[in-house]
Amino acid sequence: MMRCTSPSAALALGLVFVAFVSQCYGNLHVGYYNGKCWNYNAEEIVFNVVKAQFAKDPTIVAGLIRLQFHDCIVRGCDASVLLNGPKSEKTAKPNLSLRGFYVVDAAKAALEKACPGVVSCADVLNMAARSAVFLAGGKWYFVETGRRDGFVSRQSDAIAYLPSENMQVRDALHLFATRGLSKEDFVVLLGGHSVGTTHCDKFNHRLYNYHNTGKPDARMNTDMLYALKKTCPRNGKQNKHVYFSYNPKSHYRMDNSYYKQLLVNQGILEIDANIASSPLTNSIVKKLAYAPGYFESRFGPAMVNMGRIGVLTGKQGEVRRYCGAVNHHKH
Ligand code: HEM
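Small disclaimer: the values here were computed from a predicted structure and weren't measured.

Caption draft 1: Structural view of unusual backbone geometry. Positive phi, close to 50°, is recorded for W38, a residue that is not glycine. With relative accessibility at 66%, the residue W38 sits in the exposed group. Although it is not a glycine, N265 adopts a positive phi angle of roughly 60°. For N265, the position within the fold is in the loop between helix 10 (257-263) and helix 11 (270-277).

Written as structure tokens, this is what we have:
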């Protein structure tokens, strides 16, 4: 196992990039790639690629943050979500709306040019998500690296383990707990929904016939209900997109307005409304909405915790050369 040394940081391009190791978790390590990619800084390479793509399309931040979640919750953070194939995780219905694969591929290609075969796709994914959080206005945090890429990606695993938008809080907490994540981690991570979009089919039942009552979900603000019904008519043929954030200025900003929205019945998905109304999580939602800087300081560490799920080491995995396919040598 790697040795952990004392903390020290370096400034690059106005951002702090880790120069020396300060933390360890199993085989994971802050600054694992220091000195492993000639004199290049692997974290900076990923950041610069994400930044360049962000300049062209700022919406990719949402895609990248969600990608880390969908990778880590299924088989652990092993880049299984990136593998192509007829029955791979990518082909599962909840994954069909994942975005940002091309950004991960571009970051990996830049790394392969600098130091071939060194940086795993699972790590690229975690570094890309961190870059996205920062570019969306969130706080910079130190990612741990040292993951290996898995060999397996199954549609059936994605279907079995990706949470449903209509999940009860109790069940979601159970799922996250089985991945080593606390109740607070869960509520903080759901703050990922402060950026990006969802689609009518994910919440239509809340608008017209909530749990067979023939009525909308009573936990919906009337103005919002009216607006959502307009975008998503009862038998609408188009599955339009809807921003999680009510405020256009915040559509792609990582801030705590998501929790403020929840407390005035403006959660879009049932799971969003559920964390505000459940006595299990309501007080955490309030704290995240009202305590200044709390969400901002907790989101990064929660992403780090999520990045620890099911990490592969040694021969359990490999460093893929291209993130969409396993290498062609004998394992
Ligand atoms: C119980 C947990 C969760 C459920 C049920 C859930 C469900 C969903 C659903 C249904 C969508 C919209 C998909 C679509 O309409 O195409 C979505 C989008 C999104 N989710 Fe989650 N999610 C959960 C947790 C998380 C976590 C932990 C994160 C990240 C830390 C996250 C980040 C995102 C982001 C950023 C989007 C927007 C993606 C985009 O605009 O492309 N979600 N989620």
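Caption draft 2: The packing of aromatic side chains, seen in detail. On inspection of all chains with the given rule, the structure shows 10 aromatic pairs. When the centroid spacing of 5.9 Å and the interplanar angle of 25° are considered together, the rings of F69 and F176 count as stacked. Placement of the pair is F69 in helix 2 (residues 60-72) and F176 in helix 6 (residues 169-178), with a sequence separation of 107 residues. Residues F69 and F176 agree in their burial class; the two are buried. Between the aromatic rings of F176 and F186, the centroid separation amounts to 4.8 Å while the plane-to-plane angle is 65°, which identifies the pairing as edge-to-face.

Caption draft 3: Looking closely at the site of the ligand. Contacts to the ligand come from 24 residues, most closely from S97, R99, H193, T197 and H199. At a separation of 2.7 Å, an oxygen atom of the ligand approaches a polar side-chain atom of R99. The separation between an oxygen atom of the ligand and a polar side-chain atom of T198 is 3.0 Å. Mapped onto the shell around the ligand, the elements with two or more residues apiece are helix 2, helix 7 (183-189) and strand 6 (197-199). At four residues, the largest contribution of residues to the shell around the ligand is made by helix 2.

Caption draft 4: Region of interest: the state of the cysteines. The tally for this structure, following the rule as stated, stands at four disulfides. Residue pairing for C37: its cysteine sulfur links by disulfide to C115, the two sulfurs lying 2.0 Å apart. Since a negative S-S torsion denotes a left-handed disulfide, the C37-C115 link at about -90° is left-handed. A residue pair is termed long-range when its members are at least 10 positions apart, and C37 in the loop between strand 4 (28-30) and helix 1 (42-56) and C115 in the loop between helix 3 (101-114) and helix 4 (121-135) qualify at 78 residues. As far as burial versus exposure is concerned, C37 and C115 are alike and both buried.

Caption draft 5: Helix 3, seen in detail. With 14 residues, helix 3 should reach 20 Å at 1.5 Å per residue; the first-to-last C-alpha distance of 20 Å fits that figure. The complete set of buried residues in helix 3 reads F101, V103, V104, A107, K108, L111, E112 and A114. Tucked inside the fold, the buried residues of helix 3 contact helix 1, helix 2 and helix 4.

Reading the values: the criteria
Residues numbered from 1 in each chain as written. Predicted model: local features only at pLDDT ≥ 70, side-chain atom pairs only at ≥ 80, totals over all residues. Heavy atoms only, no water. Buried < 20%, exposed > 50% of the residue type's maximum accessible area, 1.4 Å probe, protein only. Helix = DSSP H or I, 4+ residues; strand = E, 2+ residues; numbered from the N terminus. Phe/Tyr/Trp six-rings, centres within 6.5 Å; stacked < 30°, edge-to-face > 60°. Near = heavy atom within 4 Å. Polar contact = N/O pair within 3.5 Å; in protein donor to acceptor, adjacent residues only side chain to side chain. Disulfide = S-S within 2.5 Å. Expected span 1.5 Å × (residues − 1). Contact = heavy atoms within 4.5 Å.

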